[in-house]
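Here's the letter readout for the chains.
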Amino acid sequence: MAHPKRKISKTRRDKRRTHYKAAVPQIAVDPTTGEAHLYHRAHWHEGKLYYRGQVVIDKTGDEVEA
């Protein structure tokens, strides 16, 4: 396994890590329910799973034909 020949300084290490940052997740509002959710994610509201404003799964677990 490779080992470094010289110690990497704190400055050099921190320069490399300047691009590591947490991104703020984008929040969308469903047009049908008004529920806030993450973009491109289905979300539950009152026993139904919604995606892009349409019911995907009902509380009983039956899928709805699109």
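Nothing here was measured: the structure is a model prediction, and the numbers come from that model. (Residues numbered from 1 in each chain as written. Predicted model: local features only at pLDDT ≥ 70, side-chain atom pairs only at ≥ 80, totals over all residues. Heavy atoms only, no water.)

Undergrad: Can you explain the side chain of His43? Please cite residues and give values.
TA: Its place among the elements puts His43 in strand E3 (residues 43-45). Here the side chain of His43 touches Asp30 through a polar contact of 3.4 Å, side chain to side chain. With residues up to four places along the chain from it excluded, the contact list for His43 reads Asp30, Thr33, Glu35, His37, Lys48, Leu49 and Tyr50. (Helix = DSSP H or I, 4+ residues; strand = E, 2+ residues; numbered from the N terminus. Polar contact = N/O pair within 3.5 Å; in protein donor to acceptor, adjacent residues only side chain to side chain. Contact = heavy atoms within 4.5 Å.)

Undergrad: Would you mind going over the confidence of the model for the protein chain in detail, with residue names and values included?
TA: The predicted model of the protein chain averages 88 in pLDDT, with 89% of residues at 70 or higher. Summarising per-element confidence for the protein chain, the mean pLDDT is lowest in strand E5 (residues 54-57) (90) and highest in helix H1 (residues 10-16) (95). (pLDDT = per-residue confidence, 0-100.)

Undergrad: Describe the environment of Trp44, listing the residues and the values that go with them.
TA: If you trace the backbone, Trp44 turns up in strand E3. Sequence spacing of Trp44 and Asp58 is 14 residues, and the spatial spacing of their C-alpha atoms is 9.6 Å. When near neighbours in sequence (up to four residues on either side) are disregarded, Trp44 contacts Leu49 and Ile57.

Undergrad: For the side chain of Asp30, give the residues involved together with the corresponding values.
TA: Here Asp30 is to be found in the loop between strand E1 (27-29) and strand E2 (36-38). Of the side chains with opposite charge, Arg52 lies nearest to the buried Asp30, which makes no salt bridge, at 9.4 Å. Here the side chain of Asp30 touches Thr32 through a polar contact of 2.8 Å, landing on its backbone nitrogen. (Buried < 20%, exposed > 50% of the residue type's maximum accessible area, 1.4 Å probe, protein only. Lys, Arg positive; Asp, Glu negative; His and termini not counted. Salt bridge = Lys/Arg side-chain N within 4 Å of Asp/Glu carboxyl O.)

Undergrad: Please give an account of the pairing of strand E4 (residues 48-51) that cites residues and values.
TA: One ladder, built from 3 bridges, connects E3 with E4; its direction is antiparallel. Within E4, the position partnered with His45 by the bridge is Lys48. Counting the residues in the hairpin turn of E3 and E4 gives 2 residues, including Glu46, whose phi is positive at 55 degrees. Pairing analysis gives 3 bridges linking E4 to E5, with the strands arranged antiparallel. Bridge pairing in E5 places Tyr50 opposite Val55. The turn linking E4 back onto E5 is made up of 2 residues, and Arg52 within it adopts a positive phi angle of 55 degrees. (Pairing = 2+ DSSP bridges.)

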